[in-house]
Amino acid sequence: TTEPHNLNLRVSFAELYFFQGNIALALQNFRRLPELHPMEGGRALEKYAQLLERAKAPEAATFYETIIQVVPDTRIARNSQMKLARFYERSGLWTKALAVLKRMKGRSADSEVKFLLGHVFLTGMRNINAALPIYQALSKQPLPKKQRLLAQLGLAECFILKEQYLQAINL
């Protein structure tokens, strides 16, 4: 471009490439937005990642990864990590979902991350021994009623799969 430091021009080129279907060039232009305006660049990437996700396009993962890289340690990056993990989970890419969640675990091990981690271990990886302590810890936390019920259901499912039926009944 003739004006590489013009935010509006950079966004226009990125959008043009995006809607032409040239995702690689769109992403290249979107990646440069945070240099001009960090938060605006993150929001633009997020908007187009969501469009790709709704279309079930695998490129959504690349957009979410880019957000995590170019605007790290922001709310947008943290939200993108959860969206990326959920995207992989819905796509049946369990090991990729697990990798994203493990990266998040140290920084923000909130209940949302733990629930998804338990689900990935139990449903996707079929690793009952990894899921069980997660659901046990969640069931001991003060949680809203719906989340408490989900923790107990996850815990009961683990006990049933381990053939520990009395423990499942006594929840």
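Structure report, in brief. Everything quoted here is computed from the prediction, not taken from an experiment. (Residues numbered from 1 in each chain as written. Predicted model: local features only at pLDDT ≥ 70, side-chain atom pairs only at ≥ 80, totals over all residues. Heavy atoms only, no water.)

## Description of the overall build of the protein chain
Working step 1: Of regular secondary structure, the protein chain possesses 10 helices and zero strands.
Working step 2: Computed over its C-alpha atoms, the radius of gyration of the protein chain comes to 20 Å, more than 25% above the 16 Å expected for a compact globule of 171 residues.
Working step 3: For the protein chain, the C-alpha atoms occupy an extent of roughly 70 × 30 × 25 Å along the three principal directions.
Working step 4: When each of the 171 residues of the protein chain is scored for burial, the buried share is 42%. (Helix = DSSP H or I, 4+ residues; strand = E, 2+ residues; numbered from the N terminus. Rg over C-alpha atoms; globule rule 2.2 N^0.38 Å. Buried < 20%, exposed > 50% of the residue type's maximum accessible area, 1.4 Å probe, protein only.)

## Structural notes on the environment of Arg126
Working step 1: Relative to the elements of secondary structure, Arg126 occurs in the loop between helix 7 (111–124) and helix 8 (128–140).
Working step 2: Arg126 sits in the exposed class, given a relative accessible area of 64%.
Working step 3: Each C-alpha atom, one on Arg126 and one on Leu16, is 43 Å from the other, the two residues being 110 residues apart in sequence.
Working step 4: A distance of 3.0 Å separates the side chain of Arg126 from the backbone oxygen of Thr123, its partner in a polar contact. (Polar contact = N/O pair within 3.5 Å; in protein donor to acceptor, adjacent residues only side chain to side chain.)

## A word on a nonpolar patch on the surface
Working step 1: A cluster of nonpolar side chains, Leu149, Leu150 and Leu153, forms an exposed patch at the surface whose accessible area comes to about 280 Å².
Working step 2: Position of Leu149 relative to the elements: it lies in helix 9 (residues 145–161).
Working step 3: Residue Leu149 is classed as partly exposed on the basis of its relative accessible area, which comes to 49%. (Patch = residues over 30% accessible without salt bridge, like charges linked within 9 Å, V, L, I, M, F, W, Y side chains within 5 Å. Areas by Shrake-Rupley, 256 points an atom, 1.4 Å probe, with all protein chains shown as cover. Salt bridge = Lys/Arg side-chain N within 4 Å of Asp/Glu carboxyl O.)

## Side note on the nonpolar core
Working step 1: Counting 53 residues, the largest nonpolar core has Phe18, Phe30, Phe63, Leu101 and Tyr135 as the members making the most contacts within it.
Working step 2: Those residues in contact with Phe30, other than ones at most four positions away along the chain, are Ala14, Glu15, Phe18, Ala44, Leu45, Tyr48 and Phe63. (Core = buried A, V, L, I, M, F, W, Y, C linked by side-chain atoms within 4.5 Å. Contact = heavy atoms within 4.5 Å.)

## Regarding unusual backbone geometry
Leaving glycine out, the prevailing phi sign among residues is negative, and the prevailing peptide bond configuration is trans.
Working step 1: With phi around 60 degrees, Lys56 is a residue other than glycine that occupies positive phi space.
Working step 2: Note on Lys56: relative accessible area 70%, which makes it exposed.
Working step 3: In the Ramachandran plot, Asp73 falls in the positive-phi region, its phi being about 60 degrees despite a non-glycine side chain.
Working step 4: For Asp73, the position within the fold is in the loop between helix 4 (59–70) and helix 5 (75–90).
Working step 5: Its relative accessible area of 67% is what places Asp73 among the exposed residues.

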